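Topology and contacts: notes
One-letter residues, chain by chain:
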Amino acid sequence: MLRLTLKNLWSHKGRLFLTTLAVTLGVTFVTSAFILTDSLNDTFDDLASEIAGNLDLQVRDENYDAQTFDLPPIPLALADEISEIPGVDEATPNVGTAVSAKLDDGTVILPGGFDPPAFGFPYSGPDDVGSIKLIEGDGPVGDEVAIDKETVEEFGLEIGDRLEISGLATSLEPFELVGINEFAADAFGARYFLFDLPAVQRLSGFPDDQIQAIEIRLEENAGLAATKSAVAAALPDGVEVVDREEIVKETTESFGEFLDIFRWVLLTFALIALLVSVFVIANTFAIVLGQRIRELGLLRAIGAGTGQVTGSVLLEALMVGIVASVFGLLLGRVVAGLLGQQIAGSGDSSVDLVIQSRTLFVALVVGLVVTALAALLPAIRAGRISPMAALREGYSLRS
């Protein structure tokens, strides 16, 4: 029966190729969803730690939300008070805003849609706490700006160029490019504009005596718990201090929420593809078996039992499922890689693909289960063929 099964697969390779392709597409969607989201999870876990940079503590309002710039303010004066606490090396005030820019030639850098986000942050000097460092030129003062090197290279900018920049609370204002900065981690296409603190406060709509957070770096031998307690004791009601571990966890969770949505979107497409596959497989096996009525009847006539005939058909389906699972896994890796490149954007950004054992198991199970379920009804009908009935003219599996 095994040799007969293999012979039948080969003799109907055209139709079975289309069947295999249908299952392969479904498995591809499933595996690419898992591979891509697992890979992004791994990448964003590292990114969350790198985003925290060299900070040890962060002071902020209790209702702080890292996913928005619409944050409750805290007093700027707290930064000076905290910098005097034993164990604190640097306390850098921080305000963030989304920015847009218009170059001299009319080119617009406008975040949103398919364009990468552009952020504006303050630069307080080489001892700044955070992940963005000046690598060329001077620190910005007044109507000056430092822009990340990827954006500078992409738009052919040079130090001394003039451009107009707007923030969440302002229209376009003239600025001069005086420096080039670099993000300490893989920025994934995001753009970083550095200003002095008053300029960012103006762009974001914050008064000059308020900020969003204070980033703290401890002295080398300072105890984290003791210094955190000392900082907390100096804070007014409604203001909290969190450590690096908490910040990394929050960032990771915010990435995870996005990835969960993304995964379910991809799996929805996979489910649609698999449902289509079920109909294609069922119809294909019904057609192929309908063309083999006499052959199946002859098998019954020479002694093949119902279970043997049904099992032979199911074995054909399972072999199709195995092949489809393997090709679906390979194609899923390719699709995940292409999507990862699009998410990473241009430049040196990259997403290292991660294939977990769970993904291999899912690919195999999905391919086998879909083909077996789709072929089950035609296989049962084939096993019930009467030897004499199958030899009659006009007999069909639906008779």
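Calculation rules
- Residues numbered from 1 in each chain as written.
- Predicted model: local features only at pLDDT ≥ 70, side-chain atom pairs only at ≥ 80, totals over all residues.
- Heavy atoms only, no water.
- Helix = DSSP H or I, 4+ residues; strand = E, 2+ residues; numbered from the N terminus.
- Contact = heavy atoms within 4.5 Å.
- Areas by Shrake-Rupley, 256 points an atom, 1.4 Å probe, with all protein chains shown as cover.
- Salt bridge = Lys/Arg side-chain N within 4 Å of Asp/Glu carboxyl O.
- Buried < 20%, exposed > 50% of the residue type's maximum accessible area, 1.4 Å probe, protein only.
- Polar contact = N/O pair within 3.5 Å; in protein donor to acceptor, adjacent residues only side chain to side chain.
- Phe/Tyr/Trp six-rings, centres within 6.5 Å; stacked < 30°, edge-to-face > 60°.
- Pairing = 2+ DSSP bridges.
- Patch = residues over 30% accessible without salt bridge, like charges linked within 9 Å, V, L, I, M, F, W, Y side chains within 5 Å.
- Axes fitted to C-alpha atoms, helices over the stretch in contact; angles between N-to-C directions.
- Core = buried A, V, L, I, M, F, W, Y, C linked by side-chain atoms within 4.5 Å.
- Lys, Arg positive; Asp, Glu negative; His and termini not counted.

Per the secondary structure count, the protein includes 11 helices and 15 strands. In the protein, of all internal contacts separated by at least 6 residues, the share reaching a separation of at least 24 is 82%. Here the protein has roughly 19700 Å² of accessible surface; of this, 58% comes from carbon and sulfur atoms.

Here the focus is the pattern of salt bridges. Applying the stated criterion to the full structure yields 10 salt bridges. The shortest N-O distance in the salt bridge between glutamate 240 and arginine 60 comes to 3.0 Å. Taken together, the residues span a long stretch of sequence, with glutamate 240 in strand β15 (residues 239-243) and arginine 60 in strand β1 (residues 57-61) at a distance of 180 residues. Relative accessible area serves as the criterion here: at 23%, glutamate 240 is assigned to the partly exposed category. Here glutamate 246 ties to lysine 228 by a salt bridge, and the two come within 3.0 Å at their closest N and O atoms. Taken together, the residues glutamate 246 in helix α7 (residues 244-290) and lysine 228 in helix α6 (residues 224-233) connect sequence positions 18 residues apart. Judged by its relative accessible area of 32%, glutamate 246 falls in the partly exposed class. A relative accessible area of 22% means that lysine 228 is categorised as partly exposed.

As a further point, take helix α5 (residues 197-204). With 6 of its 8 residues buried, α5 lies for the most part within the structure. When α5 is considered as a whole, its buried residues turn out to be Leu197, Ala199, Val200, Gln201, Leu203 and Ser204. Its buried side turned inward, α5 meets β3 (88-94), β4 (97-98), β7 (118-122), β10 (162-166), β12 (191-195) and β13 (210-211). The N-cap of α5, judged by a side-chain oxygen 3.0 Å from the amide nitrogen of alanine 199 a few residues on, is aspartate 196. A positive backbone phi angle near 90° is found at glycine 205, which sits one or two residues after α5.

Right, let's get into the packing of aromatic side chains. On inspection of all chains with the given rule, the structure shows 5 aromatic pairs. With a centroid separation of 5.8 Å and 45° between ring planes, the pair formed by phenylalanine 119 and tyrosine 192 is classed as tilted. Linking phenylalanine 119 in strand β7 with tyrosine 192 in strand β12, this pair joins segments that are 73 residues apart in sequence.

We now examine the pairing of β7. The element β7 is largely enclosed, with a buried count of 4 among its 5 residues. Sheet topology places β4 next to β7; 2 bridges connect them, and they run antiparallel. Bridging across to β7, alanine 98 finds its partner in phenylalanine 119. Strand direction decides the pairing type here: β7 and β12, joined by 5 bridges, are parallel. The partner of proline 122 across the bridge, within β12, is phenylalanine 195.

This paragraph deals with a nonpolar patch on the surface. Taken together, the side chains of Phe29, Ile261, Val265, Phe269, Ile272 and Val276 make up a nonpolar region of the molecular surface, amounting to roughly 560 Å² of accessible area. For the nonpolar patch, the element with the most residues is α7, which contributes 5 residues. Note on valine 265: relative accessible area 40%, which makes it partly exposed.

Okay, the side chain of serine 166 next. Position of serine 166 relative to the elements: it lies in strand β10. Given a relative accessible area of 12%, serine 166 falls into the buried group. For serine 166, the contacting residues outside a window of four places in its chain are Ala98, Val99, Ser100, Ser171, Leu172 and Leu203.

Moving on to the sheet that holds β1. If you trace the 4 strands from one edge of the open sheet to the other, you get β3-β14-β1-β15, paired in antiparallel fashion. Of all the strands in the sheet, the pair left with one neighbour each is β3 and β15. Across the sheet, the axes of successive neighbouring strands diverge by a mean angle of 20°, strand direction being ignored. Where β1 meets β15, 5 bridges bridge the pair, whose relative direction is antiparallel. Bridging from a neighbouring strand, leucine 57 pairs with aspartate 243 of β15. On the sheet, α6 packs against β1, β3, β14 (213-218) and β15 and is oriented at approximately 170° with respect to β15.

Further remarks concern the nonpolar core. If you look at the biggest cluster of nonpolar residues, it comprises 39 residues, and the most contacted ones within it are Val59, Ile82, Phe193, Phe195, Ile214, Ile216 and Val231. Considering each element in turn, this core owes the most residues, 4 residues, to α5. Non-local contacts of valine 59, meaning those with residues more than four positions away in its chain, are made with Ile74, Ile82, Gln212, Ala213, Ile214, Ile216, Val231, Leu235, Val239, Glu240 and Val241. Membership of the second largest hydrophobic core comes to 36 residues, among which are Ala33, Ile35, Tyr192 and Ala363.

Inspection of the secondary structure assignment puts aspartate 148 in strand β9 (residues 144-148). We note that aspartate 148 is buried and unpaired, the nearest opposite charge coming from arginine 191 at a distance of 5.6 Å. Polar contacts involving the side chain of aspartate 148 include one to the main-chain amide nitrogen of tyrosine 192, which spans 2.8 Å. Dropping the residues within four chain positions of it, aspartate 148 is found in contact with Ile180, Asn181, Ala190, Arg191 and Tyr192.

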